[in-house]
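# Descriptive structure summary
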Amino acid sequence: MSARPVVVVTGGSSNIGAACVRKFIMDHRVLIADLQPPQQADGADIEYLKTDITDAQSCAVMMSRAGTLGPVVALVHSAAITVPAKPVQQVTAEEWRRVIDVNLTGAFLVARAAIDALLATRGSLVMISSRAARTGVAALVPTGQGTKPHYCASKAGVLALVKSLAIELAGGGVRVNAVVPGSIEGQMIPRERWPELAAHIPLGRLGLPDEVADAARFLCSPEARYITGQAIDVNG
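Quick caveat: nothing in here was measured; it's all calculated off a predicted structure.

## Re the overall build of the protein
Assigned secondary structure in the protein consists of seven helices and seven strands. Overall, the protein shows an N-to-C arrangement of helices and strands of β-α-β-β-α-β-α-β-α-α-β-α-α-β. Taken over C-alpha atoms, the radius of gyration comes to 17 Å for the protein, in line with the 18 Å a tight globule of 236 residues would show. Its C-alpha atoms give the protein principal-axis dimensions of roughly 55 × 35 × 35 Å. A burial count over the protein gives 47% of its 236 residues as buried. Restricting the contact set of the protein to residue pairs at least 6 apart, pairs at least 24 apart contribute 66%. Total accessible area on the protein stands at roughly 11,200 Å², and carbon and sulfur atoms take up 55% of it. Side-chain charges in the protein split into 22 positive and 20 negative, and the spacing between the mean points of these groups amounts to 3 Å.

## Focus: the nonpolar core
Counting residues in each nonpolar core, the largest one holds 35 residues, and the members touching the most others are Val-8, Met-62, Leu-75, Leu-125, Met-127 and Val-176. Residue assignment for this core shows that the elements contributing at least two residues are β1 (6–10), β2 (29–34), α2 (56–69), β4 (72–77), α3 (93–121), β5 (124–128), α5 (149–169) and β6 (175–181). Sequence-distant contacts of Met-62, that is, excluding residues within four places in its chain, are made with Val-8, Thr-10, Leu-31, Ala-33, Leu-49, Thr-51, Leu-75 and Val-110. Counting residues in each nonpolar core, the second largest holds 23 residues, with Val-9, Ile-16, Ile-32 and Ala-215 among its members.

## Some points on α2
The end-to-end C-alpha separation of α2 is 21 Å, in line with the 20 Å expected for 14 residues at 1.5 Å each. Taken residue by residue, α2 has Ser-58, Cys-59, Met-62, Met-63, Ala-66 and Leu-69 as its buried positions. Seen end-on, α2 carries its buried residues on one side only, within an arc spanning 140°.

## Concerning the side chain of Ser-58
Counting through the fold element by element, Ser-58 comes out in helix α2. Within the structure, the side chain of Ser-58 is placed 2.9 Å from the backbone nitrogen of Asp-52, a separation counted as a polar contact. For Ser-58, the contacting residues outside a window of four places in its chain are Lys-50, Thr-51 and Asp-52.

## Let's talk about the layout of surface pockets
Its volume calculated, the second largest pocket comes out at about 190 Å³. What lines the second largest pocket is a set of 14 residues, among which Ser-124, Arg-175, Cys-220, Ser-221 and Pro-222 lie closest to the centre. A per-class count over the lining of the second largest pocket returns five nonpolar, five polar and four charged.

## What to know about the packing of helix α1 (residues 15–24) against helix α7 (residues 209–219)
The N-to-C vectors of α1 and α7 enclose an angle of 55°; their axes lie 8 Å apart at closest approach. Comparing the axis directions of α1 and α7 gives the class oblique. Viewed along their axes, α1 and α7 form a crossing whose handedness is right-handed. Two secondary-structure elements touch here, α1 through Asn-15, Ile-16, Ala-19, Cys-20, Arg-22, Lys-23 and Phe-24 and α7 through Pro-209, Asp-210, Val-212, Ala-213, Asp-214, Ala-216 and Arg-217. When its residues are assigned to classes, the contact of α1 with α7 shows eight nonpolar, one polar and five charged.

## Regarding the pattern of salt bridges
Counting across every chain of the model gives 10 salt bridges. Among the ionic pairs, Asp-210 bridges to Arg-22, the shortest N-O distance being 2.8 Å. Here Asp-210 is found in helix α7, whereas its partner Arg-22 is found in helix α1, with 188 residues between them in sequence. With a relative accessible area of 29%, Asp-210 lands in the partly exposed category. Ionic pairing is found between Asp-214 and Lys-23, a salt bridge with its closest N-O pair at 2.9 Å.

The rules behind these values
Residues numbered from 1 in each chain as written. Predicted model: local features only at pLDDT ≥ 70, side-chain atom pairs only at ≥ 80, totals over all residues. Heavy atoms only, no water. Helix = DSSP H or I, 4+ residues; strand = E, 2+ residues; numbered from the N terminus. Rg over C-alpha atoms; globule rule 2.2 N^0.38 Å. Buried < 20%, exposed > 50% of the residue type's maximum accessible area, 1.4 Å probe, protein only. Contact = heavy atoms within 4.5 Å. Areas by Shrake-Rupley, 256 points an atom, 1.4 Å probe, with all protein chains shown as cover. Lys, Arg positive; Asp, Glu negative; His and termini not counted. Charge placed at Lys NZ, Arg CZ, Asp CG, Glu CD. Core = buried A, V, L, I, M, F, W, Y, C linked by side-chain atoms within 4.5 Å. Expected span 1.5 Å × (residues − 1). Arc of directions from axis to C-beta. Polar contact = N/O pair within 3.5 Å; in protein donor to acceptor, adjacent residues only side chain to side chain. 1 Å grid on protein atoms, 1.4 Å probe; cavity = no way out; pocket = protein on both sides within 12 Å on 5 of 7 lines; lining within 4 Å. Points joined across faces, edges and corners; volume = space filled by probe spheres on them. Nonpolar A, V, L, I, M, F, W, Y, C, P; charged D, E, K, R; others polar. Axes fitted to C-alpha atoms, helices over the stretch in contact; angles between N-to-C directions. Parallel < 35°, antiparallel > 145°, perpendicular 65-115°, else oblique. Left-handed = near helix turned anticlockwise from the far one by under 90°. Salt bridge = Lys/Arg side-chain N within 4 Å of Asp/Glu carboxyl O.

Below you can see the structure in the form of structure tokens.
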């Protein structure tokens, strides 16, 4: 068995999560926890486990498997869903509950399952939020299509959860932070909209998943050893 420390990445099969896997695999073992398997998970230092973050038992199994790989020094929680925009009065209670269940309750269940392992290593937990958590609009500019209030609320809740966890776990040496991406290239934004969105961004382009992953990796590194309870914007 490799002596490398272990990082768990939820949602690690695609987009930002997959970028986090690429960053950490250079010097860690990585467990990808996702409902869908990655396109590539080759090598002795990378494993995949089908995981439902809305299920407490599935999260417990995730951490149990991670513990068999070595000491768990970090967890990056990237798993989340989004939905098509619609006016708030058209959002059903079922749609609201589904987004909150995955994006916010899922974040809580993942964090709760990981606490003991991270306390044992004085490790780091990073949660991926969204610019929508700060603006209340899941877009660069409001449109008549709606704001995705359930998505915005779920990601704002993640920021508050990060603060609570950081306060509670600081005494055990565990640091908890968030990365707050803006518009990032990937499956969540249709490619045909990228030029339109880029025109509203000061740096003139969408971000790359690797750039979000760089922030997550920094927050898990010794260089961030005195940073906790913070949310780093990566939005251009």
